[in-house]
Amino acid sequence: MDREDLASLLSRVRNCTVCADSLPHGPRPVVQIHPDARILVIGQAPGTKVHASGVPWDDPSGRLLRNWMGIDPTVFYDATRVAMMPMGFCYPGKGKTGDLPPRPECAPLWHAALREHMSRIRLTLVIGLYAQRHYMSQRFEGNLTATVRSFRSFLPELLPLPHPSPRNGRWLVRNPWFERELVPVLQKRVAAALAPGRRRSRRD
């Protein structure tokens, strides 16, 4: 069977209602996909602000993520450079201690088909526990901190990150090595991935 063209696939993604009955605010899939993208950001799920705007990472978490990456919004929202595909495409609703987990239907249903259209990806940022469990499978270190700490073992294709939510401020305080050791590597890898004609290297 021929691969579905990207425009048709994105139309189906953006009109998906598979888990509508489980979404308290209704479905509004949020993705940014382009076949020329060099970086893929795989996060958790949209929050309330992103659900309202339809713009991925349009919140304080996105501002911090862009700071970590060392890029401005113009680059971040250029779909030919940066693709964004969360584990759950729609806002899952509020739980007792924060947002609910990403809906489990999205990744098995859509990720592989979308990734087929992104053959130029040089670096994938795997953000948060749910994304790391899914994409790092047996290489997952058992918890987020250990997995992020071993980030060099996943290079050059993958780079695990904690979620840049303000709720994770305590994690950043407890783990100062993250900004000291990982963020400079992240910024170098991002710059290399976005540079035209550059080949990937395991060297930092």
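Data block above holds the structure.
Residues numbered from 1 in each chain as written. Predicted model: local features only at pLDDT ≥ 70, side-chain atom pairs only at ≥ 80, totals over all residues. Heavy atoms only, no water.

Chemist: Can you lay out the overall build of the protein chain for me, pointing to particular residues and giving the numbers?
Modeler: Across its full length, the protein chain carries nine helices and four strands. Listing each helix as α and each strand as β along the protein chain from the N terminus yields α-β-α-α-α-β-α-β-α-α-β-α-α. Reported as C-alpha extents along the three principal axes, the dimensions of the protein chain are approximately 45 × 45 × 35 Å. Evaluated residue by residue, the protein chain yields a buried proportion of 49% over its 204 residues. Total accessible area on the protein chain is roughly 10500 Å²; 49% of this is exposed by carbon and sulfur atoms. Counting 30 positive and 17 negative side-chain charges, the protein chain places the centres of these two groups 7 Å from one another. (Helix = DSSP H or I, 4+ residues; strand = E, 2+ residues; numbered from the N terminus. Buried < 20%, exposed > 50% of the residue type's maximum accessible area, 1.4 Å probe, protein only. Areas by Shrake-Rupley, 256 points an atom, 1.4 Å probe, with all protein chains shown as cover. Lys, Arg positive; Asp, Glu negative; His and termini not counted. Charge placed at Lys NZ, Arg CZ, Asp CG, Glu CD.)

Chemist: How would you summarise the packing of aromatic side chains if you had to cite specific residues and measurements?
Modeler: For the coordinates displayed, the defined rule picks out five aromatic pairs. The interplanar angle of 85° and the centroid separation of 5.0 Å between the aromatic rings of Phe-76 and Tyr-77 together place this pair among those described as edge-to-face. The class for Phe-76 is buried, based on a relative accessible area of 0%. Between the aromatic rings of Trp-171 and Phe-178, the centroid separation amounts to 5.7 Å while the plane-to-plane angle is 75°, which identifies the pairing as edge-to-face. Taken as a pair, Trp-171 and Phe-178 share a single burial class, namely buried. (Phe/Tyr/Trp six-rings, centres within 6.5 Å; stacked < 30°, edge-to-face > 60°.)

Chemist: Could you give an account of the sheet that holds strand E2 (residues 82-84), with specific residues and numbers?
Modeler: Strands pair in a sheet through their backbones, by hydrogen bonds, and they do so in one of two ways: parallel or antiparallel. Spatially, four strands are ordered E2-E1-E3-E4 in an open sheet, and the strand pairing comes out parallel. Of all the strands in the sheet, just E2 and strand E4 (158-161) have a single pairing partner and so form its edges. Strand-to-strand twist across the sheet, computed as the mean angle between neighbouring axes with direction ignored, equals 20°. Looking at chain direction, strand E1 (residues 39-42) and E2 are connected through three bridges and run parallel. Within E2, the position partnered with Leu-40 by the bridge is Ala-83. Strands in contact with helix H9 (residues 177-194) are E1, strand E3 (123-127) and E4; relative to E4, the strand with the most contacts, it is inclined by about 140°. (Pairing = 2+ DSSP bridges. Axes fitted to C-alpha atoms, helices over the stretch in contact; angles between N-to-C directions. Contact = heavy atoms within 4.5 Å.)

Chemist: Break down the pattern of salt bridges for me, with residues and values.
Modeler: Any two side chains of opposite charge can pair, on the condition that their charged atoms come close. The tally for this structure, following the rule as stated, stands at six salt bridges. Between Arg-12 and Glu-4 there is a salt bridge, and its shortest N-O distance comes to 2.9 Å. For Arg-12, a relative accessible area of 44% corresponds to the partly exposed category. Taking relative accessible area as the criterion, Glu-4 reaches 27% and is therefore assigned partly exposed. In this structure, the salt-bridge partner of Lys-94 is Asp-99, at a minimum N-O distance of 3.1 Å. (Salt bridge = Lys/Arg side-chain N within 4 Å of Asp/Glu carboxyl O.)

Chemist: Which residues make up the nonpolar core, and what values do they have?
Modeler: Within the largest apolar cluster, 30 residues are counted, with the highest numbers of intra-cluster contacts made by Ile-39, Val-41, Leu-65, Met-69, Leu-125, Phe-178 and Leu-186. Tallying contributions element by element places H9 first for this core, with eight residues. With sequence-adjacent residues up to four places away left out, Leu-186 is seen in contact with Trp-68, Met-69, Leu-125, Leu-159 and Leu-161. Counting residues in hydrophobic clusters, the runner-up holds 27 residues, among them Leu-6, Ala-37, Leu-114 and Leu-158. (Core = buried A, V, L, I, M, F, W, Y, C linked by side-chain atoms within 4.5 Å.)

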